[in-house]
Structures are given as structure tokens and as C-alpha cells.
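Examining the three-dimensional arrangement
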Amino acid sequence: MVLQFQLSCTASLAYSSSLQFLASNLNSSLSPSYYGSFKSASFKLSNSTAHMNKNYRGICAQSRQAPFNKEAYEVERLRLDARAREAMKAHEKTEKDDNSKAWKWEIRKRIWDLMERENIAQNPRPVHHRIPNFVGAAAAAQLLASLEAFATAQCVKVNPDTPQKQVRYLTLSGGKKLLTPQPRLRTGFFSILDATMLPLGAIHEACTSAGVAKHGKPIGLDATLKVDLIVIGSVAVDPRTGARLGKGEGFAELEYGMLRYMGAIDDKTLIVTSVHDKQLVEDIPVEKLLIHDVPVDVICTPTQIIHTNTTIPKPQGIYWDRLSPEKLGQIKILRELKKRIEEKTGQPLPCGPSEKLPPTAERKSTRQG
């Protein structure tokens, strides 16, 4: 059964932008999801669940009578983004004490500092704990669009970060379907858009976070689709090996794993990233990468296209033995998926070791709806 919003809001509003915005706290079936090598699942919605539910219910009630409120959406999005970045700063300090993970943060900080120092980043700034919106992002997107894999793709999955906004525009304006996750996967799962479903002149708006919430059609785990190309953001990438580092929250790993589960992608699905030339590094140790780290096949910068010919294995799905009970407790869609798999197989899935969540991410309620 396709996941649906089981809310008092009527079915006629199921695809409305307001419900997408509210889904994470009002729905026990479709909600924020997160997985990866990092502990970012800990960092979504760090205030008490009761407080967030109260805010979202108020907006939901308004949505029955009023159109999508872009300003309210943006205020809430920016508030949650700021909280997530603060939590990641604390998380960074914790992981720097772990020799097996400290090297990633050293590379990230080096690149973030360089981009700020040389002023090769655009807003939002500072770039620390973000996928940097690099100068020349639009030029890199144009080179990406020149790839044969992009030209022939019918459905392209693109991350929701600012530097890939032009990629999302070229996808929609090129008559392709755009699959994109809600920011930090906190207001739903994936949304799909195509130009035919948009009002005249709305393509630019549809490339923004608010536009996806307003115009996108949310999909569930049972959706049948084929993704022809994946575009992900990066903080640093090694052109020799295709090894990549994100901002440390692991969303690319979660999104990739979920798409593998859905059968939407396989090992042959091309993975492309767009970065500034100065985000290219040569010191990501492949031997230290984890089984769920996602490599890239192609790198597009403002000046060049690099085919990495990566030999790093691509993740095969979600690695439940790396997912702590605390993380699972905050990721409703993964709990739903885990339940499905266990009911189907009759066997319990493994679970990763317990972990201490940062104070900003701990839930005040242990209820797991």
C-alpha cells in the first residue's frame, strides 16, 4: 500500500505543499528519514517533539483555509537548518576525538576555510557545515547538462542544496522528471516534479525548497520509478578515485540506500557531482571509506568534466548493522521499512551499537509512533 498522509487533513490536500511541510511530525507513516555513516539522524528537529507538533498542527489548520505560505515555510526551514548546523558543530567535536573519523573533518574544514578565505563561495555563508554554494555553480551545471547521460535521462535525482539549483532547473526545463528529497528529509521522503505539472512560469520556483514543497508530488516506498542519473553535492571529491565527502550528515547515503531498496537504481546508475575546482583533493584515503560511502563516476566543475572511472563499490542498500537504536528511534520511515522487511522475512534485522546522542538532538519522549 502506497504510504499516505493519515491526517485529519482531507485526501484532496494529500499533495498540497502544506502537508508536505507538516508530514514529519503529523504522520506516522511518511516522515523524516536519515541514514549514513554519520550521526546526523540525531540532529533533525532537536526541540521537543511536542513543541514541534504544536507548531505544525497550527500551520496545518491554516492550510485547510489558505494557500501555501511560502514565508512561513522559509522561516521554519531556516530555523531548522540553523539548529542542524549547530548540532553538527557539536558532532564534529565528538568525531574529531575518534581517529577513524577525524580525517574526514580535517579535509572538510580545510576546504570550507579555503572557500571562505578565497571568496569562492556564494550565499548562504559561511559555508561551514554546508554543501558549499561555489562560484561558478551555474557553469558547472551547464557542463553537467552536456553529458550524454543527462541528455538521455528521463528521470534525474538531484540533491536539494543551493549549488545544484541550476541542475534542477535544467532538468525540468529539459522536459525531464526531477526527483528530489525534502531538505534534510525532515518534511517527507522524496518529491517528484516535471514541467507538465507546473503552472506557467513556475519552473524557477520549483527548483527551490519552497517550490518543491508547493508543487512537488510526494512519493512513498512503494512508488515504481526508474532513476536514470543521480546528482549529489559534495564538500570534497578525489578526481583520481571518485571518493567523496559530503557535509557529514550522510543524506546521500540514506537517499541512495532507499532508492536501491525501491529498485529505482542499480550499480550501473551514474552518479555525478558538481563542485568548484578547488574542492578537488587527492588525500581521501579509499581504504578508510565505509561500506555505505557513495563514490562518484563523474565530476563537473566550472572548467572541466572528469570521469573518475571509480572502482569503489557502490552501496547495495541500507546497512542495518550500522544503524543505532537511537538513530532508528528518530527515523520513522526507516522504522516502517524495517518493520516491512521483518514481517516479510519473518526474521529480525540486525541493529548497530548504541550511541550517545548530542544534547541538542535527544528526544524528550521515547515514544516511537
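Examining the overall build of the chain
From N to C terminus, the chain includes 12 helices and 10 strands. Residues counted as buried form 58% of the 369 residues belonging to the chain. Put simply, of all contacts in the chain between residues at least 6 apart along the chain, 71% involve residues at least 24 apart. Of the roughly 15,700 Å² of accessible surface on the chain, a fraction of 52% belongs to carbon and sulfur atoms.

Some words on helix α5 (residues 137-145)
In an α-helix there are 3.6 residues to a turn, and that puts residues three or four apart on one side. Residues of α5 that are buried: Ala137, Ala140, Ala141 and Leu144. For α5, the angular spread of buried residues about the axis comes to 105°, placing them on one side. Residues of α5 that are buried sit in contact with α6 (148-152), α7 (165-173), β5 (229-232), β8 (270-274) and β9 (298-300).

Some words on the environment of Ala121
Tracing the backbone shows Ala121 in the loop between α4 (99-117) and α5. Once the C-alpha coordinates of Ala121 and Val135 are considered, the two residues, 14 residues apart in sequence, prove to be 5.3 Å apart. In this view, Ala121 contacts Met115, Val127, Asn133, Phe134 and Val135; residues no more than four positions away in its chain are not counted.

Remarks on the environment of Ala145
By the secondary structure assignment, Ala145 is in helix α5. Residue Ala145 is classed as partly exposed on the basis of its relative accessible area of 22%. Each C-alpha atom, one on Ala145 and one on Leu170, is 7.2 Å from the other, the two residues being 25 residues apart in sequence. Non-local contacts of Ala145, meaning those with residues more than four positions away in its chain, are made with Phe150 and Leu170.

Criteria and cut-off values
- Residues numbered from 1 in each chain as written.
- Predicted model: local features only at pLDDT ≥ 70, side-chain atom pairs only at ≥ 80, totals over all residues.
- Heavy atoms only, no water.
- Helix = DSSP H or I, 4+ residues; strand = E, 2+ residues; numbered from the N terminus.
- Buried < 20%, exposed > 50% of the residue type's maximum accessible area, 1.4 Å probe, protein only.
- Contact = heavy atoms within 4.5 Å.
- Areas by Shrake-Rupley, 256 points an atom, 1.4 Å probe, with all protein chains shown as cover.
- Arc of directions from axis to C-beta.

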